[in-house]
Amino acid sequence: MTSDGFKKLFIGLIFIFLDIVIFINWLPDFIGYILMLEGCIILSSKEKLFKNTVNPLKLLTGISIIKLVIFILTNFMMDIYVAEEMKNSIYYFCAMESFNIVSTVLWIYVVFYLLKGVYAMVAERGNNVILRHINFTMVCYLTLFAIEHIMNPLLYNIDFAGVIRTIAIFVVGTQAVCNILILVIINRSKKLLEDKSDLV
């Protein structure tokens, strides 16, 4: 059961971290959220901290599906002039920004409790190397994720100096490294926590 939970988390995170966009995103986030939700429900039987991610992941799934439906409607199904008018409306802007803000807060909450849950399970096995990696990744990822989402709107609306843009690129690049670290932590934790009961 533990191995299955970590597998679902790993695959779900790949869907969320990677974007393969050819007209649409072929690795939609809502599938990743559903897989993560299933994984956290499985792991919650071993560690109660994972229960804290369940409701936020349900909300993230719903928001992701709504945003996908809006994207498909405005880009492929609606008249181009009507779609452009809709996209330029204040109501559309407020709705999408609200979705983005709520999604950002929920995702930070999910990652925090996800890594806390993994930390608690690994701590029982006493692997200090993975524990240090979890602490380091948690602080770096959550900090960089917050900074990125604060800087992105500013970069689109203000003519920043080159040095600020360079900092923004560095933050995004470093966050990508943190994404990889999270995947590595999940994979290494799965291997550490596998036992004979997982093979039954």
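Our structure is the block above this text.
### Thoughts on the overall build of the chain
So, step 1. Along its length, the chain carries 7 helices and 2 strands.
So, step 2. Reading the chain from its N terminus to its C terminus gives the helix and strand order α-β-β-α-α-α-α-α-α.
So, step 3. Here the chain holds 200 residues, and 38% of them are scored as buried.
So, step 4. Once local pairs closer than 6 in sequence are excluded, the contacts in the chain between residues at least 24 apart make up 73%.
So, step 5. When the accessible surface of the chain is summed, it comes to about 11,700 Å², and 68% of that surface belongs to carbon and sulfur atoms.

### Describing the nonpolar core
So, step 1. The biggest cluster of nonpolar side chains holds 39 residues, and the ones touching the most others in it are L9, L13, M36, W107 and Y141.
So, step 2. Listing elements by their share of this core, those giving two or more residues are helix 1 (2-17), helix 2 (29-43), helix 3 (54-77), helix 5 (90-125), helix 6 (128-157) and helix 7 (162-193).
So, step 3. For this core, the element with the highest residue contribution is helix 5, accounting for 9 residues.
So, step 4. Excluding its chain neighbours within four sequence positions, the residues that come into contact with M36 are K8, L9, G12, L13, I16, L57, W107, V110 and L114.

### Observations regarding helix 3
So, step 1. Taking 1.5 Å per residue, 24 residues should reach 34 Å; helix 3 reaches 33 Å between its end C-alpha atoms and fits that length.
So, step 2. Listed as buried for helix 3 are V54, P56, L57, L60, T61, I63, S64, I70 and T74.
So, step 3. Buried residues in helix 3 make contact with helix 2, helix 4 (80-87) and helix 5.

### Quick notes on the pattern of salt bridges
So, step 1. Tallying each qualifying case throughout the model produces 1 salt bridge.
So, step 2. Ionic pairing is found between K8 and E38, a salt bridge with its closest N-O pair at 3.1 Å. You can see K8 sitting in helix 1 and its partner E38 sitting in helix 2, a full 30 residues away along the chain.
So, step 3. The partly exposed category is assigned to E38, whose relative accessible area is 34%.

### Observations regarding the packing of helix 1 against helix 2
So, step 1. Contact geometry of helix 1 with helix 2 gives a least axis separation of 7 Å together with a crossing angle of 160°. Considering the angle they form, helix 1 stands roughly antiparallel to helix 2. The interaxial crossing formed by helix 1 with helix 2 has left-handed handedness. In contact with T2, D4, G5, F6, K8, L9, I11, G12, L13, F15 and I16 of helix 1, helix 2 contributes D29, I31, G32, Y33, L35, M36, E38, G39, C40, I42 and L43.

Analysis parameters
- Residues numbered from 1 in each chain as written.
- Predicted model: local features only at pLDDT ≥ 70, side-chain atom pairs only at ≥ 80, totals over all residues.
- Heavy atoms only, no water.
- Helix = DSSP H or I, 4+ residues; strand = E, 2+ residues; numbered from the N terminus.
- Buried < 20%, exposed > 50% of the residue type's maximum accessible area, 1.4 Å probe, protein only.
- Contact = heavy atoms within 4.5 Å.
- Areas by Shrake-Rupley, 256 points an atom, 1.4 Å probe, with all protein chains shown as cover.
- Core = buried A, V, L, I, M, F, W, Y, C linked by side-chain atoms within 4.5 Å.
- Expected span 1.5 Å × (residues − 1).
- Salt bridge = Lys/Arg side-chain N within 4 Å of Asp/Glu carboxyl O.
- Axes fitted to C-alpha atoms, helices over the stretch in contact; angles between N-to-C directions.
- Parallel < 35°, antiparallel > 145°, perpendicular 65-115°, else oblique.
- Left-handed = near helix turned anticlockwise from the far one by under 90°.

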